[in-house]
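# Observations on chain architecture
Chain by chain, the residues:
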Amino acid sequence: MQHDDNLTAKLPHFVTHLECAMTGERHEADQIHNLSRAGKPLLVRYDLAGVAKALSKQTLAARPADLWRYRELLPVREAANIVSLGEAMTPIVRAPKLAARLGGGDILVKDEGRLPTGSFKARGLVMAVSMAKALGIKHMAMPTNGNAGAALAAYASHAGIKTTIFCPEDTPEVNVSEIALQGAAVYRVNGLIDDCGKIVGEGKAKVGWFDTSTLKEPYRIEGKKTMGLELAEQLGWQVPDAIFYPTGGGTGLIGMWKAFAELEEIGFIGKKRPRMIAVQASGCAPMVKAYEAGEEHAPRWENAHTIASGIRVPQAIGDFLILRAVRESKGFAIAVDDDAIQAALDEMAREEGLLLCPEGAATYAAYKQSLKDGRVSRGDQVVLFNCASGLKYPLPPIHRTLDRHKPIDYAAL
Ligand SMILES: *Cc1c(COP(=O)(O)O)cnc(C)c1O
């Protein structure tokens, strides 16, 4: 892909340090990190006054329409370490027929299925792998429900880094195949994603691989943060009234919340924040349960099941960050069942021609439920995140046939 820097160039750079998301303890940049010394996720901090001086909206507007346009707010220091497969800005697609039918406000779908490997996991993993390259990491391992593993495999192979990936045994076939084709050693494990995570954690000492699990690596959040930067820029440096986000490990929700704070700090947006609405499946809704109980942490959800595999995450290490963003934004957490997800998927595809992934469909189901319950107002402009291409998931078989050797009743077609 095209960059306006040449490859040896230093990028303008403003990272000051990393910070424990729980205790605020400072950790040094430019070193290999997993969790903080307190065992919590690390957040990257920037000299935002410096960014404000270096970056204007006009400068930004003239740059290529990809994720690297926000480089002042990203952790990669040298252009040579950017491991790109073409992270194009994703379009916002309107759903005007459904909006009119529901009598609500604008429905904007941020269609993340257009990214490399067909999901927004590319945003996080392009950053994690670029930083791994910069830090000299040679072998990365990860537990995945499918999409994260595919993105890791693709970027790591592109960078010449070895990968070992573990997924639950019922992970969609297409995900396991793409992971393998993109150069990773991939294993199906008889358990859920956190069981896979345990294997990655234990192998760290035995094999020496780097643990790339959600939020146990500090840079995936920075990549996912670009969803918030991009959204605000695409809406003319405004934020919508509400964001419905399908929440598994929560990287995207936490990242966007961080993005809005940084944008306000550099003077690009004002005080208004979207209500952050965490959408989960009723078969795996630890955040909804904790939200409703007023808790800061969410215990493991037992017997997790849903067709929306990307949000089948029984326990999230960033639970307190998800719940904090939801509460501070005056949003909420909501669960929808698989029947509602399937119905929402069918409706959006049939009426608007948009084939959502089940996780994206969950956000539309949740929006409809929230309108009905009065938790979202009719006039609210809402953004639904479609996080992956609907084509990555098993599709229903269609059996209608036509015999070309017999007379065709065209009127009946
Ligand atoms: C990973 C994933 C999610 C959940 O994203 P988080 O930011 O980790 O909560 C939702 N949908 C799809 C399709 C995913 O792959």
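Just so it is clear, the model here is predicted, and its values are computed rather than measured. (Residues numbered from 1 in each chain as written. Predicted model: local features only at pLDDT ≥ 70, side-chain atom pairs only at ≥ 80, totals over all residues. Heavy atoms only, no water.)

### Digging into the sheet that holds strand 4 (residues 92-94)
Which entries qualify depends on this criterion: Two strands qualify as a pair provided that DSSP identifies no fewer than 2 bridges between them. A run of DSSP states H or I qualifies as a helix once it reaches four residues; a run of E qualifies as a strand once it reaches two. Both are numbered from the N-terminal end. Axis geometry follows a simple rule: fit a line to the C-alpha atoms, using only the stretch in contact for helices, then measure angles between N-to-C directions, giving values from 0 to 180 degrees. Should any heavy atoms of two residues lie within 4.5 Å, those residues are counted as being in contact.
Pairing within the open sheet is mixed, and its six strands lie in the order 4-5-13-10-11-12. Taken across any chain shown, the strands that pair with only one partner, and hence form the sheet edges, are strand 4 and strand 12 (332-336). Direction aside, neighbouring strands of the sheet carry axes that sit 30 degrees apart on average. With three bridges connecting them, strand 10 (residues 242-246) and strand 13 (residues 382-386) associate as parallel partners. Across the sheet, the residue bridging to alanine 242 is valine 382, located in strand 13. Across the sheet, helix 10 (residues 286-293) is in contact with strand 11 (275-281) and strand 12; its angle to strand 12 comes to roughly 135 degrees.

### Quick notes on the pattern of salt bridges
For clarity, the cut-off: Salt bridge, as used here, is a side-chain nitrogen of Lys or Arg placed within 4 Å of a carboxyl oxygen of Asp or Glu. Three exposure classes are used, based on accessible area relative to the maximum for each residue type with a 1.4 Å probe and protein chains only: buried under 20%, partly exposed in between, and exposed over 50%.
Per the stated rule, a full pass over the model turns up 29 salt bridges. A salt bridge links glutamate 262 to lysine 258, with the nearest nitrogen and oxygen atoms 2.7 Å apart. Placement of both glutamate 262 and lysine 258 in helix 9 (residues 251-265) is noted, with a separation of four residues, approximately one turn of the helix. Lysine 258 shares its class with glutamate 262; the two are buried. Close ionic contact of lysine 368 with glutamate 347 constitutes a salt bridge, the shortest N to O distance being 2.5 Å. With a gap of 21 residues between them, lysine 368 in helix 13 (residues 358-373) and glutamate 347 in helix 12 (residues 338-352) connect regions that are remote in the sequence. In this structure lysine 368 comes out as partly exposed when scored by relative accessible area, which is 24%. Note on glutamate 347: relative accessible area 10%, which makes it buried. The network of salt bridges with shared partners includes Lys97, Arg101, Glu347, Arg350, Glu351 and Lys368.

### Looking at the sheet that holds strand 1 (residues 15-20)
Pairing within the open sheet is antiparallel, and its three strands lie in the order 2-1-3. Pairing within the sheet leaves two strands with one partner each, and these edge strands are strand 2 (26-27) and strand 3 (42-46). In this sheet, strand 3 lies alongside strand 1 in antiparallel orientation, the contact comprising five bridges. Across the sheet, glutamate 19 pairs through a bridge with leucine 43, a residue of strand 3.

### Examining the packing of aromatic side chains
Heads up, the condition is: Within 6.5 Å between ring centres, the rings of Phe, Tyr and Trp (the latter by its six-membered ring) count as paired, and their orientation is classed by plane angle as stacked under 30 degrees, edge-to-face over 60, tilted in between. The rule is short: NZ of Lys or CZ of Arg within 6 Å of the ring centre and within 35 degrees of the ring normal puts a charge over the ring.
Following the criterion strictly, the structure yields six aromatic pairs and no others. Centroid distance phenylalanine 120 to tyrosine 245: 5.9 Å. Interplanar angle 25 degrees. Geometry classified as stacked. Here phenylalanine 120, found in the loop between strand 5 (107-111) and helix 4 (121-135), pairs with tyrosine 245, found in strand 10; they are 125 residues apart in sequence, far enough to count as distant. When its relative accessible area of 5% is taken as the criterion, phenylalanine 120 is described as buried. Look at tyrosine 245 and you get buried, because its relative accessible area is 2%. Both rings, one in phenylalanine 166 and one in tyrosine 187, keep their centres 5.6 Å apart while their planes meet at 20 degrees; by these two values the pair is stacked. With phenylalanine 166 in strand 7 (residues 162-168) and tyrosine 187 in strand 8 (residues 185-189), this residue pair connects regions lying 21 residues apart in the sequence. By relative accessible area, phenylalanine 166 is classed as buried at 8%. Judged by its relative accessible area of 45%, tyrosine 187 is partly exposed. Every member of this aromatic cluster is reached through a ring pair, and the members are Phe120, Tyr245 and Phe385. Between lysine 224 and the ring centre of phenylalanine 120, over which it is positioned, the NZ or CZ distance is 3.9 Å.

### Brief notes about helix 9
Note the threshold: Helices are assigned an expected span. That span is 1.5 Å times one less than the residue count.
If you check helix 9, its first and last C-alpha atoms are 21 Å apart, about what 15 residues at 1.5 Å a residue would give, namely 21 Å. Of all the 15 residues making up helix 9, twelve are buried; the element is thus mostly covered by neighbouring parts of the structure. Among all positions in helix 9, only Thr251, Gly252, Leu253, Ile254, Gly255, Met256, Trp257, Lys258, Ala259, Phe260, Glu262 and Leu263 are buried. Backbone geometry just after helix 9 places glycine 267 at a positive phi near 80 degrees.

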